[in-house]
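Per-entry structural report
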Amino acid sequence: MSKMIYLDNAATTQVYPEVLETMLPYFTEHYGNPSAIYTFADISKKAVDEARGAVADLLHARMDDVYFTGGGSESDNWALKATVEAYASKGKHIITSTIEHHAVLHTCAYLEKQGCEVTYVNVDENGKIKLDELEAAIRPDTILISVMAANNEIGTIQPIAEIGRIAHEHGVLFHTDAVQAFGHIPLDVESMNIDMLSASGHKINGPKGIGVLYIRKGVKIRSFLHGGAQERKRRAGTHNVPGIVGMGKAARLAKENMAARSEKEISLRDHLIERVLKEIPYTRLNGDRTDRLPNNANFCFRFIEGESMLILLDQAGVCGSSGSACTSGSLDPSHVLLAIGLPHEIAHGSLRLTLSEKNTLEEIDYTVEELKKIIERLRGMSPLYEDFVKKQNV
């Protein structure tokens, strides 16, 4: 197969042509600053408002509770740091999970240095948070629970509504990093008891560099960036109008196409999983088998080093990853895989393939055939695998 096969949609997605088409006039034709008061700026202001409404519709949220940011990482930082600042009089205890994205984990580490206490709740072997442990961790000084809606590496979907219920029963705010879930699975901030939610445009075929933070009315967090009165005085900085317009269009498309898109992705995903587990021995599927994102397949191959596998896949024209794109330069095994109980030597042999509805069955079958050859080749070079085979044959 001569063309590239892109199977790393959890890292970023292609901007849809219709999204780009919607954005282009706001670079050259309707370039007014929406904060200005003259008529020319009204076009940009209206476009920002329409995009805000589209995001709100996707979340079943109030339009005025949606704030545009520079991306999911900024939204996570804003939610956590501003909550600690605003609710310091109640306490400085935060609860999160051991498998969060580093935008949350590194923010928590920063806050610990500022005097906060953070409890990291464990997950089970499928990556589901332990609800009994979560509830037991709540203290009188707990001000926030932050648990991701779906894991970016292994695809496991968390019981968000239950977590939100537990938080609210104890008078604690609930934030969810929904960067991977937004636009891919149904999210309802009301029924799921969500107080704050982070999302990003480039995971749903929108542009990079644009995100949102949903903040429920009544949550008292203040500005994260200072310097202007934009975003109802809560997020300073000139609006990225083309990015906002693009995210709004992507959100509208995600809402319209979610059911059909999920159906196709699940079909391709399950075909991929079934073939890999059946045809490549000593392979493990990571994450929950059914409660997982429609497009996510994550495997560990014993006796394999992940970086070599990715290089050979790239040479075969297939783009995949070993985990989060934010840690692609790290030699350490995935913290997510360690958290679900995998030993280092197995966690090192991980592969994440994340599909889109644009992928075809032919591409999936080609990928499996190439993967089979790559695994066989790498295991043939492994003395550990050779010793293992000898012991099996004794």
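Before reading on, note that the structure itself is shown above.
My aim in this report is to walk through the structure given alongside it, one point at a time. Remember, it's a predicted structure, so these values are computed and weren't measured experimentally.

A short note on the packing of helix α4 (residues 72-86) against helix α5 (residues 102-113)
Here α4 crosses α5 at 30 degrees, and the two axes come no closer than 9 Å. Looking at the two axes, α4 sits roughly parallel to α5. When the axes of α4 and α5 are compared, the crossing they make is right-handed. Contacts between α4 and α5 pair S73, D76, N77, L80, K81 and V84 from the former with A103, V104, T107, C108, Y110 and L111 from the latter. For the contact of α4 with α5, the class distribution of residues is seven nonpolar, three polar and two charged.

Concerning the pattern of salt bridges
Following the criterion strictly, the structure yields 23 salt bridges and no others. Between D195 and R216 there is a salt bridge whose closest N-O contact spans 3.2 Å. Remark: R216 occurs in the loop between β8 (211-215) and α8 (230-233) and D195 occurs in the loop between β6 (173-177) and β7 (196-200); sequence separation between them is 21 residues. As far as burial versus exposure is concerned, D195 and R216 are alike and both buried. As a salt-bridge pair, K372 and E279 come within 2.8 Å of each other at their nearest N and O atoms. With K372 in helix α13 (residues 361-380) and E279 in helix α9 (residues 241-279), this residue pair connects regions lying 93 residues apart in the sequence. On the basis of relative accessibility, which here comes to 27%, the residue K372 falls in the partly exposed class. It is possible to trace a salt-bridge network through shared partners that takes in R275, E279, D365, E369 and K372.

Concerning the pairing of β8
Buried residues dominate β8, accounting for five of its five residues. On β8, burial covers both faces: G211, L213 and I215 on one face and V212 and Y214 on the other are all buried. One ladder, built from four bridges, connects strand β2 (residues 66-69) with β8; its direction is antiparallel. Looking across to β8, one finds that Y67 is bridged to L213. Here β7 pairs with β8 via five bridges, running antiparallel. Residue M196 lies in a different strand from β8, and its bridge partner there is I215.

Brief notes about the packing of aromatic side chains
One pass over the structure, following the stated rule, counts six aromatic pairs. Ring plane angle 85 degrees and centroid distance 4.9 Å describe the contact between Y282 and F388, whose orientation is recorded as edge-to-face. Taken together, the residues span a long stretch of sequence, with Y282 in the loop between α9 and β9 (283-285) and F388 in helix α14 (residues 383-393) at a distance of 106 residues. Overall, Y282 belongs to the partly exposed group, its relative accessible area being 32%. With centroids separated by 6.0 Å and ring planes inclined at 40 degrees, the aromatic side chains of F299 and F301 adopt a geometry described as tilted. Cluster of aromatic residues (ring-pair linked, three or more members): Y282, F303 and F388. Positioned over the ring face of Y67 is R232, at 4.2 Å from the centre of the ring.

Here we look at the environment of M247
Secondary-structure assignment places M247 in helix α9. Judged by its relative accessible area of 0%, M247 falls in the buried class. Among all residues touching M247, those that are not within four sequence positions of it are V55, F182, A199, S200, G201, P207, I210, G211 and V212.

Quick look at the sheet that holds strand β10 (residues 296-301)
The sheet built from three strands is open, its strands ordered β9-β10-β12 with antiparallel pairing. Pairing within the sheet leaves two strands with one partner each, and these edge strands are β9 and β12 (350-354). Direction aside, neighbouring strands of the sheet carry axes that sit 25 degrees apart on average. Along the sheet face, α9 touches β9, β10 and β12 and points at about 15 degrees away from the line of β10.

Basis of the calculations
Residues numbered from 1 in each chain as written. Predicted model: local features only at pLDDT ≥ 70, side-chain atom pairs only at ≥ 80, totals over all residues. Heavy atoms only, no water. Axes fitted to C-alpha atoms, helices over the stretch in contact; angles between N-to-C directions. Helix = DSSP H or I, 4+ residues; strand = E, 2+ residues; numbered from the N terminus. Parallel < 35°, antiparallel > 145°, perpendicular 65-115°, else oblique. Left-handed = near helix turned anticlockwise from the far one by under 90°. Contact = heavy atoms within 4.5 Å. Nonpolar A, V, L, I, M, F, W, Y, C, P; charged D, E, K, R; others polar. Salt bridge = Lys/Arg side-chain N within 4 Å of Asp/Glu carboxyl O. Buried < 20%, exposed > 50% of the residue type's maximum accessible area, 1.4 Å probe, protein only. Pairing = 2+ DSSP bridges. Phe/Tyr/Trp six-rings, centres within 6.5 Å; stacked < 30°, edge-to-face > 60°. Lys NZ or Arg CZ within 6 Å of the ring centre and 35° of its normal.

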